[in-house]
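As a plain string of letters, each chain reads:
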Amino acid sequence: MRGTTGIALTVGTVLVVATMAAMPLWAHHAFTAEFDSNKPVKLRGVVTKVELINPHSWIHIDVKEPDGKVVSWAIEGGTPNTLFRMGITKNSLPTGTEILVDGYQAKDGSRRANGRDVTLPDGKKVFISGASAAEAPPQQ
Amino acid sequence: MTIRGIGLITVLAAIALAPAASVTAVAQNKAWTAPRTPDGKPDLQGIWSYATITPLERPAEFAGKEFLSEQEAADYEKRRLQEMNMDRRDGTAQADVTRAYNDFWWDRGTKVVSTRRTSLVVDPPDGRIPPLTEEARTRTAARAEERRRSGRGPTDGPEDRPLGERCIMFGSGGAPMLPGAYNNNFQLVQTPDQVAIVIEMIHDARIVPLDARPPLPKNVRQYHGDSRGHWEGDTLVVVTTNFTDKTNFRGSSENLRLTERFTRVAEDTLLYRFTVEDPSSFPRPWTVEIPMWRSREPIYEYACHEGNSSIAGVLAGARAEEKAAAGAGR
């Protein structure tokens with residue numbers, strides 16, 4: 001593993017808001033039911049497996065903890081269908097790739113997190129947002 | 001905008017204003033005629049997308065305004081994309097979790113509909129869904145009460161979770177179809193006596209007979225209802241009834257009668273309109289219009305149940321919360 005700095009776990013302030021103005025249209029499930037806003041995690045690890053499955057994809061990484069122990073984490077992502085349209089396949093994130101994950105840990109304390117932001121060590125986003133490939137054509 | 005663009009908008013606007021029966025006349029008055037299948041019907045086949053950021057109901061800011069100008073549409077798109085941008089890390093941790101992943105994973109479209117309407121609801125003219133009837137509100141309250149009495153909590157088991165979370169059916173896939181966060185695509189396949197409506201979202205297919213066979217008996221109820229199709233001129237009309245009481249569309253009951261209309265109004269435009277009729281839930285029928293555009297890509301499988309580890313995560317999260325609450329109360 002290259003340049004592993006291990007795992008930093010930080011606890012943020014809870015600010016409970018009654019309504020979510022930024023709530024997306026419809027997603028598969030309520031992310032707040034699965035992941036804990038009190039448990040933000042920053043992970044650095046190497047990809048061991050990518051599961052492009054529905055309804056949510058999973059990126060599995062091995063993370064070296066400060067004591068040198070290697071632990072596996074599963075990082076949840078969105079639907080693979082969107083990724084295919086953007087040209088991302090299972091081979092886009094080869095085994096052994098080092099990534100940084102900025103997300104939130106599962107409420108039950110297991111080593112699962114949502115991949116809020118996934119970046120390469122140089123800071124480049126793995127999944128770079130932009131105009132979708134499934135974009136409406138310009139009006140004729 | 002090109003002359004052709006203005007023409008298309010005029011056609012769509014005319015269709016929107018005209019009674020359903022004259023859709024064919026309006027469309028055919030223009031030079032363009034839909035290509036035909038071997039049996040002479042308009043060829044509606046292909047993969048169509050309904051991704052758009054036009055809201056279902058007209059926002060208060062556009063009250064009394066049915067269409068946006070080109071400039072207004074551009075400004076609205078820019079502002080909405082910023083508001084919905086999941087790359088943002090501002091706001092509370094709760095809001096941050098809600099956004100879940102960066103914008104790359106979401107595919108809800110970036111444009112308003114090609115007609116530049118301010119809402120997908122076109123009737124009532126105010127672009128808003130009519131308020132639920134007293135009967136519908138009573139029904140909802142009674143269900144909530146029944147549920148409370150049953151003693152089951154919303155996270156006691158998988159059966160207590162919403163249908164979408166359980167990968168049984170998704171609200172956006174329909175019937176009827178409405179834009180959602182991703183997978184806003186469907187495929188239409190025609191034969192002389194059947195039409196298949198294949199929805200990417202959760203991979204559902206509705207097989208619609210066109211042979212005027214009688215509907216299913218009233219006691220046979222289905223999540224997606226029971227659909228029958230027929231042609232009215234160049235428009236494919238699909239009427240769906242026999243919904244269950246386990247689903248509702250914006251507060252509808254099992255008595256919902258849904259009428260969908262598919263008209264190919266240009267090479268790459270499929271005009272989709274549906275009307276919701278359910279006197280026990282809405283004081284009047286209401287209609288939605290979405291000009292769908294032809295996708296150049298295939299639709300992909302969305303085998304939701306097979307990979308649904310999220311529901312285990314949601315239930316595990318609930319157990320963890322209960323444990324923490326019990327510990328705090330001790």
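Colleague: Go over the overall build of chain A with me, naming the residues and quoting the values.
Modeller: Broken down by element type, chain A carries two helices and six strands. Walking chain A from its N terminus toward its C terminus, one meets helices and strands in the order β-α-β-β-β-α-β-β. For chain A, buried positions account for 36% of its 140 residues. In chain A, the proportion of contacts linking residues at least 24 apart, taken out of those at least 6 apart, comes to 58%.

Colleague: Can you break down the overall build of chain B residue by residue, with the values?
Modeller: Looking only at helices and strands, chain B features six helices and 10 strands. For chain B, whose C-alpha radius of gyration is 22 Å, the value lies close to the compact-globule estimate of 20 Å for 330 residues. Expressed as a percentage of its 330 residues, the buried residues of chain B come to 38%. Considering only intrachain contacts with a sequence separation of at least 6, the fraction spanning at least 24 residues in chain B is 62%.

Colleague: So what's going on with the environment of Thr244(B)? Which residues, and what values?
Modeller: Residues and elements named next belong to chain B. Inspection of the secondary structure puts Thr244 in the loop between strand 7 (235-241) and strand 8 (257-266). Residue classification places Thr244 among the partly exposed residues on the basis of 13 C-beta atoms within 10 Å. Put simply, Thr244 and Val195 are 49 residues apart on the chain and 22 Å apart in space, counted from C-alpha to C-alpha. Not counting chain neighbours up to four residues away, the residues in contact with Thr244 comprise Arg221, Gln222, Tyr223 and Glu254.

Colleague: Give me the lowdown on the pairing of strand 4 (residues 194-199) of chain B, citing residues and values where you can.
Modeller: All names here are of chain B. Every second residue of strand 4 is oriented toward a common face, the buried set being Val195, Ile197 and Ile199 and the non-buried set Gln194, Ala196 and Val198. Note that strand 3 (residues 185-190) and strand 4 share five bridges and pair antiparallel. Each bridged residue has a counterpart across the sheet, and for Gln190 the counterpart in strand 4 is Val195. Between the antiparallel neighbours strand 3 and strand 4 lie three residues. The pairing of strand 4 with strand 5 (residues 204-209) spans six bridges and is antiparallel.

Colleague: Can you tell me about the confidence of the model for chain A, naming the residues and giving the values?
Modeller: All names here are of chain A. Of all residues in chain A, 71% have pLDDT values of 70 or greater, and the mean over the chain is 74. Here residues 1-25 is a poorly scored stretch, pLDDT under 50, and it has 44 contacts once near neighbours within four places are set aside; other chains count. Here residues 129-140 scores under 50 on pLDDT; set against residues more than four positions off or in separate chains, the count is 30 contacts.

Basis of the calculations
- Residues numbered from 1 in each chain as written.
- Chains lettered and ligands numbered in written order.
- Predicted model: local features only at pLDDT ≥ 70, side-chain atom pairs only at ≥ 80, totals over all residues.
- Helix = DSSP H or I, 4+ residues; strand = E, 2+ residues; numbered from the N terminus.
- Buried ≥ 20, exposed ≤ 12 C-beta atoms within 10 Å, placed from the backbone.
- Contact = placed C-beta atoms within 7 Å.
- Rg over C-alpha atoms; globule rule 2.2 N^0.38 Å.
- Pairing = 2+ DSSP bridges.
- pLDDT = per-residue confidence, 0-100.

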